[in-house]
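Chains, contacts and geometry: an overview
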Amino acid sequence: MERIAPSTPEQMAEALAAFAAAGKTIHVGGAFSKLRQGGGHAPAAVTVSTSALTRVLQYEPKDLTVSVESGLPWATFTRLLAANGQMVPLDPPFASQATVGGAVVSNLCGPRRRWFGSARDLVIGMQYATLEGKRVQSGGMVVKNVAGLDTGKLLIGSLGTLAVVLSINFKLAPAPPCTRTFLFHFTALPAAIQKRNSILQEVLQPWSIDLLNPHASGRIDEEGWVLAVQAGGSQRLVERYELELAGTRVLADEAEQRFWERIREFIPEFLREKPDGYVVRISTPIEALGDAAASAPVPFLARAGNGVAYALFTDADGAANWLKSAAGRGWRGVIEFAGADGAGPDEAWPNPGPELEVMRKVKQLYDSRNLLNRGRLYGRI
Amino acid sequence: MVPAAAREELERLLGARNYLDRAEDLVLYEYDGGVDKHRPEMVVFPRSTEDVVAIVKITGKHGVPIVGRGAGTGLSGGAIPRAGGITVSFSRMNQILEIDLANERAVVQPGVVNLDITLAVQGDKYFYAPDPSSQRACTIGGNVSENAGGPHTLAYGVTTNHVLGLELVLMDGTVVNTGGMAQDVPGYDLTGLFTGSEGTMAFVTKVIVRLMRQPESVKTLLAIYDAASDCGQTVAEITARAITPVAVEMLDGVMLRMVEEATHAGFPMDAEAVLLIELEGLIEQVEEQVEQIRDVCAACNAREFRVAKSAEERDLLWKGRKNAFGAVGRVSPFYYVQDGVVPRTQIAPTLEFIRGVSAKYGLSISNIFHAGDGNLHPIILFDARKPGDTDRAKAAGDEILNFCISVGGSITGEHGVGMEKMELMGNLFSSDSLDMIQGFKNLFDPECRLNPGKVLPTGRGCMEIRQRPDFVL
């Protein structure tokens, strides 16, 4: 199978146009660290990687913005920002292997989304190459910009089914001098949910509110139901959080970093351990998250301040059945990562809703012959 | 032209009280907050999504152009029916349908006034973050169409960051719901695509917005300068010291004198520039940042630094800021508001350039802007009754926006492209990028009936077919 990694945006656009003109199916990715995500992918005639697009295009720390090519390793990217006391607080899983483009296109974000939002909130511009060989710009290098259509939003979470991201512009946040993490351990779920509710209703502005059920907390050497809350800011601000959130345990420095590292790598670690494992992602209203947690018979990790949760299954049927029952309760969800046997569209994305037709029209506009990452987006597109 | 048959069908659908077609009524719908004008041939007032679907179908059958309108406060001509046809006013779809504090959401109809959402939830200590200056009048439907901003978007983001789902009526009459009460619903982010599409791809008939918890503490600061450059330096230094205010607004001398005369908010009459800075968060954080900013202002030669002592004083300062355009209206019969954006480090050179433009065209230009995020609002004062003045104002505006592009900025931060800046789109975007926008327009509005002649430069899209020669600036 042909495999290429163009080193300039122009070459990438030309290569895509040539493959498309020849009617070749294309498997596109960055570091290909998330091959089991989104329904996997059908075999393709060519593989195209963004891994040679690694330039930092523009970085003026005083502007609080940065523009980098999509193949830049996420780890390199965050080190660069940290050296200037700045951050893009997305916390994607697979961070040690992933590229910037892959992190955005897979739209898997981590704990700090409670305060900072997800990729859709942090990306201010994007350039991508289409199968027609066009290089399309959406947004720009300023934090407020409504010129033109925000088509970059479509690429976030598209899993490479629409176009190939060439470069991404982010707005940056200053990294604060101090952070603290407060762990609350509970023997039963209702107390954990009550604690979460009281934090949400108070004036505190924590970065992260993650919930783990006992199956999940056991995987990171904790016990019982665990609510993990992180805050950041000045020393004085963090002291205020210490007063307000006297939890079971307070984490700082290395212990704190290690804890969140394990949370970020919670799913990758499971998938490495269980090549046949399935990860279901569901979205619920914040209030319904407790019911979702109660119904999960397996390790369950939730962004409890957002209503996005992951459940880890060792078998396809278990995952499909739980997702089906979640869908029956009106929650939205997918089998985000599938095991070796994959998952059919009906199992992987049981209730897509009528907007799927509009999504298919969008796919048609970009890729009418379904050449790019065929099978991705849960086999529905 | 709207054929008689279409009028009759619409009258039957809506009843006599839900449309306007007399010239003296229509004249009220020929303008918005910008400078462009064109009169619709009929204005209809749907009361439900079903009404909107029926309007789309009836007008579709007769090939009549349609344009959505909220409160008409837009500043780029987004609601101007430049090809004639029918204006669809959402002013009677103005209900807050659901407030769900536990889930931090509200579901509203498009005609709900922005500020009314906050007023409905502030008793419970929540608020809706995007706060355009027109928030007492502008509607959520218009905010979604234009992806509206406001002073506090520096910290909280613009409309698209606070909209979780939409109900849309497409041009074939289909009703589609995007997003939802939950985040990260699978598939493409259609909500993000349609937010900011300037009413050119679908009608918005319902919006799910995010509500935020009110902060514990708010402090409003006023820093006063004898030199505008010191003011610009303060903004850069605030960023450099990693201080994170929720709003940093700058008013230059010309502007603040107009504002003070109109509102008596307490702005100094003799200063060259002021910064209006707001801090929000936990008490400790706000107190600390007040002192940090006091230091920055002193280091940057501020001649005076005030902290608003009461909610009344704070409200007065913001009233002055948010009513600035009204204040300009007292001084100049006509004004032209720009909405360029530049990287934060380019604010000072841009202000210098604007001064040059003012001198070159002999037009007074005052500046009021969201300095924290580089979103400038130069206001060009002119008199349309003087021959050539309007053209000079337009040319001066274009020159400023082209400068914004040249330093890596954008032609619009929050007002939208509309019909005002569409010709500049070719300077900002490559032909490939404009093709993509055009592709989406054709996909969702193949007959080009919905708000024709916006966003894309003439020669793209359908203006050649639809545009009538008599539209006026």
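The rules behind these values
Residues numbered from 1 in each chain as written. Chains lettered and ligands numbered in written order. Predicted model: local features only at pLDDT ≥ 70, side-chain atom pairs only at ≥ 80, totals over all residues. Heavy atoms only, no water. Core = buried A, V, L, I, M, F, W, Y, C linked by side-chain atoms within 4.5 Å. Buried < 20%, exposed > 50% of the residue type's maximum accessible area, 1.4 Å probe, protein only. Helix = DSSP H or I, 4+ residues; strand = E, 2+ residues; numbered from the N terminus. Salt bridge = Lys/Arg side-chain N within 4 Å of Asp/Glu carboxyl O. Contact = heavy atoms within 4.5 Å. Polar contact = N/O pair within 3.5 Å; in protein donor to acceptor, adjacent residues only side chain to side chain. Domains from an automatic or database assignment. Buried area = accessible area lost by both parts, 1.4 Å probe. Nonpolar A, V, L, I, M, F, W, Y, C, P; charged D, E, K, R; others polar. pLDDT = per-residue confidence, 0-100. Phe/Tyr/Trp six-rings, centres within 6.5 Å; stacked < 30°, edge-to-face > 60°.

Brief notes about the nonpolar core
Within the largest apolar cluster, 129 residues are counted, with the highest numbers of intra-cluster contacts made by F77, L154, F170, L211 and Y366 of chain A together with F194 and F440 of chain B. Ranked by size, the runner-up nonpolar core spans 42 residues in total, among them A228, C231, V290 and V296 of chain B.

Comments concerning the pairing of strand β15 (residues 278-283) of chain A
Judged by how many residues are buried, β15 of chain A sits mostly within the fold: six of six residues are covered. The alternating pattern of β15 of chain A places Y278, V280 and I282 of chain A on one face and V279, R281 and S283 of chain A on the opposite face, and all of these are buried.

Focus on the pattern of salt bridges
On inspection of all chains with the given rule, the structure shows 49 salt bridges over all chains. Residues R262 of chain A and D221 of chain A are paired through a salt bridge, measuring 2.6 Å at the closest nitrogen-oxygen approach. On the criterion of sequence distance, the pair formed by R262 of chain A in helix α10 (residues 253-264) and D221 of chain A in the loop between α8 (214-219) and β13 (225-233) is long-range, its members being 41 residues apart. Judged by relative accessible area, which is 61%, D221 of chain A ranks as exposed. A salt bridge links E399 of chain B to K360 of chain B; its shortest N-O distance comes to 2.9 Å.

Overview of the environment of E304 of chain B
Residues and elements named next belong to chain B. Mapping E304 onto the fold places it in strand β15 (residues 304-307). For the pair E304 and V274, spaced 30 residues apart in sequence, the C-alpha separation works out to 9.6 Å. Apart from the residues within four sequence positions on either side, E304 is in contact with L222, A223 and I224. Side chain to side chain, E304 and R306 meet in a polar contact 2.9 Å long.

Focus on the domain arrangement of chain A
Residue and element names in this part refer to chain A. Domain annotation for chain A reports domain 1 (2-174), domain 2 (178-264) and domain 3 (273-348). One C-alpha centre belongs to domain 2, the other to domain 3; they are set 23 Å apart. In total, domain 2 and domain 3 occlude about 1,200 Å² of area from one another, counting both sides; carbon and sulfur atoms represent 57% of this. Looking only at domain 2, the three residues that lose the most surface to domain 3 are R196, L211 and R219, adding up to 38% of its buried area. Between domain 2 and domain 3 we count two salt bridges in total. The shortest N-O distance in the salt bridge between E273 and R219 comes to 3.2 Å. The interface formed by domain 2 and domain 3 includes nine residue pairs in polar contact (both at pLDDT 80 or more). Elements with a contribution of two residues or more to the side of domain 2 that touches domain 3: α7 (189-201), β12 (208-212) and α8. By residue class, the composition of the side of domain 2 that touches domain 3 is nine nonpolar, two polar and three charged.

Here we look at the confidence of the model for chain B
All names here are of chain B. The predicted model of chain B averages 93 in pLDDT, with 97% of residues at 70 or higher. Counted against residues more than four places away or in other chains, residues 463-473, with its pLDDT under 50, gives 29 contacts. Interface predicted TM-score (ipTM) for the complex: 0.97; the corresponding pTM is 0.96.

Concerning the packing of aromatic side chains
Residue and element names in this part refer to chain A. Scanning the model with the defined rule gives 19 aromatic pairs over all chains in all. Relative to F170, the ring of W74 has its centre 6.5 Å away and its plane inclined at 80 degrees; by these criteria the two rings are edge-to-face. Of the two residues, W74 sits in helix α2 (residues 74-83) while F170 sits in strand β9 (residues 164-171), which places them 96 residues apart along the sequence. Given a relative accessible area of 4%, W74 falls into the buried group. A residue is classified by how much of its surface remains accessible, and F170, at 0% relative accessible area, is buried.

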